[in-house]
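Observations on chain architecture
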Amino acid sequence: MRKTIEDIKPKFGRVVILGRPNTGKSTLLNAIMSQKVAITSPMAQTTRKNSRVVFSDERGKIIFSDTPGIINKVSDLVGKRVNTEAPKEVGRADILLCLFDISRPKTEEENKVIGLVRKSKAKKILVYNKIDVAIGSKDHLAEYNYMEEEFDKVISVSAIKEKNIKGLIGLIFELIPKKDINSIEEDAEIIQSKNKTVISLNSKEYIAEIIREKAYLFLRKEVPYSVNVEVDSVVDKRKLIVIKARILTTADRYKKMIIGKNGKKIKEIGYNARKELELMSNRKVFLELIVEIDKHWAERDIEK
Ligand SMILES: Nc1nc2c(ncn2[C@@H]2O[C@H](COP(=O)(O)OP(=O)(O)OP(=O)(O)O)[C@@H](O)[C@H]2O)c(=O)[nH]1
Ligand SMILES: [Mg+2]
């Protein structure tokens, strides 16, 4: 059979990843993109803002949005702001990827996510994640699978082990429409970088995210929520990139914990952030990292 123009036309669509915190949304996006585009951690609401990247191959282009996990009850300022992010993104989706962590029991938080999914007219894919740890008697599949009939497709993956990711991308291409590629222009805020990945965060924001991820990794439970990172300058000095950044926190006791005994913690955070930035940029990096008390960073964050 001869191919028509419609057959040749590449597919184009927007996919929004939804799920409660910690289900592995950002890990899944990194697996799809085969590189780190979003930070991850076991802490809830590691992702604080929606971010978009473009996946592209011979089949077409997909704009993926990673969203922060929706929390059921929030009392703090940051949590409240973060909770408004995912609902804002749902309206622009051609497809919703709804992620469930089947290694954990279902809670009220999943119901919030499902509520959001139900309101949308987009196509829907249910993704069971963490099948590497949740197998057989250890999974909570039975608590989730009654929802399957509300979805167009269902798939099980392991984002961290990159299992079934190609299968998932295949399902997405089956569902996305053949739109005019020119409509991608409305996403012009997305910046094209050298290595084909397209990230909506500018580099200062991205560097701040990497530092925040390392802070989450090395700090005790309650501290990360008090933390924000601001990058003041990134100077390219040919042989090395000099970055000046500040970790902001809300109280002196947190500041002490972030610095650690003899500066051990802040050194660990800085060392690991620097190593990762060097790997990513293939350059030497000098990272000047200080800790400051700033009780009002959360309020400023909300105004943005
Ligand atoms: N075992 C296992 N762990 C995973 C998998 N995917 C993600 N994780 C882990 O789950 C934790 C949360 O992952 P994230 O990708 O940060 O989760 P998220 O859904 O983006 O979370 P928020 O940004 O807080 O909403 C991290 O410790 C990941 O390493 C998986 O497939 N298997
Ligand atoms: Mg995330």
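To start, this report covers the structure provided alongside it. Note that the coordinates shown come from a computational prediction; the quantities given were computed from them, not determined experimentally. Residues take numbers from 1 onward in each chain, read along the sequence in its written order. Just so you know, chain letters begin at A and ligand numbers begin at 1, following the order they were written in. Note on the predicted model: pLDDT of at least 70 is required for a residue's local features to be given, and 80 or more for side-chain atom pairs to be given and counted; whole-chain, interface and lining totals, by contrast, use all residues. For side-chain calculations, the full set of non-hydrogen atoms in the structure is used, while hydrogens and water are omitted.

As for the side chain of S158
Only DSSP runs of H or I covering at least 4 residues are called helices, and only runs of E covering at least 2 are called strands; the numbering of each starts at the N terminus. Residue position: S158 is located in the loop between strand 6 (153-156) and helix 7 (165-175). At 3.0 Å, the side chain of S158 and the side chain of D132 are in polar contact. Here, residues are in contact when the closest pair of their heavy atoms is within 4.5 Å. If we ignore the near neighbours within four places in the chain, the residues touching S158 are N129, K130, I131, D132, K163 and I165. Contacts described as polar in this section are N or O atom pairs within 3.5 Å, which, within protein, must combine one atom able to donate a hydrogen with one able to accept it, while residues neighboring in sequence count only if both atoms come from side chains.

Some thoughts on the coordination of the magnesium ion (ligand 2)
Donor atoms are limited to N, O and S found within 2.8 Å of the metal ion, a distance that becomes 3.2 Å for Na, K and Ca. With water left out, some sites might look partial. Only S26 (OG) and T47 (OG1) from the protein reach the magnesium ion (ligand 2) as donors, at distances of 2.0 to 2.1 Å. You can see S26 sitting in helix 2 (residues 25-33) and its partner T47 sitting in the loop between helix 2 and strand 2 (51-57), a full 21 residues away along the chain. The same class applies to S26 and to T47, which are both buried. Only protein chains enter the area calculation, which uses a 1.4 Å probe; residues under 20% of their type maximum are buried, those over 50% are exposed, and those in between are partly exposed.

Concerning the pairing of strand 2
When you tally the buried positions in strand 2, you get five out of seven residues, the bulk of the element. Paired strands, in this sense, are two strands between which DSSP finds at least two bridges. Where strand 2 lies against strand 3 (residues 60-66), seven bridges are found, and the strand directions are antiparallel. When the sheet's bridge partners are listed, V54 is paired in strand 3 with I63.

What about the site of ligand 1?
Note on definitions. A residue lies near a molecule or strand when any single heavy atom of the residue is within 4 Å of it. The immediate surroundings of ligand 1 are formed by 24 residues, with K25, T27, Q45, G69 and D132 found nearest. At a separation of 2.7 Å, an oxygen atom of ligand 1 approaches a polar side-chain atom of K25. In the environment of ligand 1, an oxygen atom lies 2.9 Å from a nitrogen or oxygen atom belonging to the backbone of A159. The leading source of residues in the shell around ligand 1 is helix 2, at three residues. When residues are sorted by character, Ala, Val, Leu, Ile, Met, Phe, Trp, Tyr, Cys and Pro go into the nonpolar class, Asp, Glu, Lys and Arg into the charged class, and all the rest, Gly among them, into the polar class. Considered class by class, the residues forming the shell around ligand 1 number eight nonpolar, 13 polar and three charged.

Details of the sheet that holds strand 11 (residues 284-293)
Ordered in space as 9-10-11, the three strands form an open sheet in which the pairing is mixed. The sheet is open, and its two edges are formed by strand 9 (228-236) and strand 11, each paired on a single side. Averaged over all adjacent pairs, the angle separating strand axes in this sheet is 15°, with direction ignored. Bridge analysis of strand 10 (residues 240-249) against strand 11 gives ten bridges, and the strand direction is parallel. Residue pairing for strand 11: T249 is matched across the bridge by I293. Each of strand 9, strand 10 and strand 11 is contacted by helix 8 (residues 203-218), which is oriented at about 125° to strand 9, the strand it contacts most. This element, helix 10 (residues 264-281), spans strand 10 and strand 11 of the sheet and lies at about 145° to strand 11. All axes here are fitted lines through C-alpha atoms, helices being fitted over the stretch that makes contact, and every angle between N-to-C directions spans 0 to 180 degrees.

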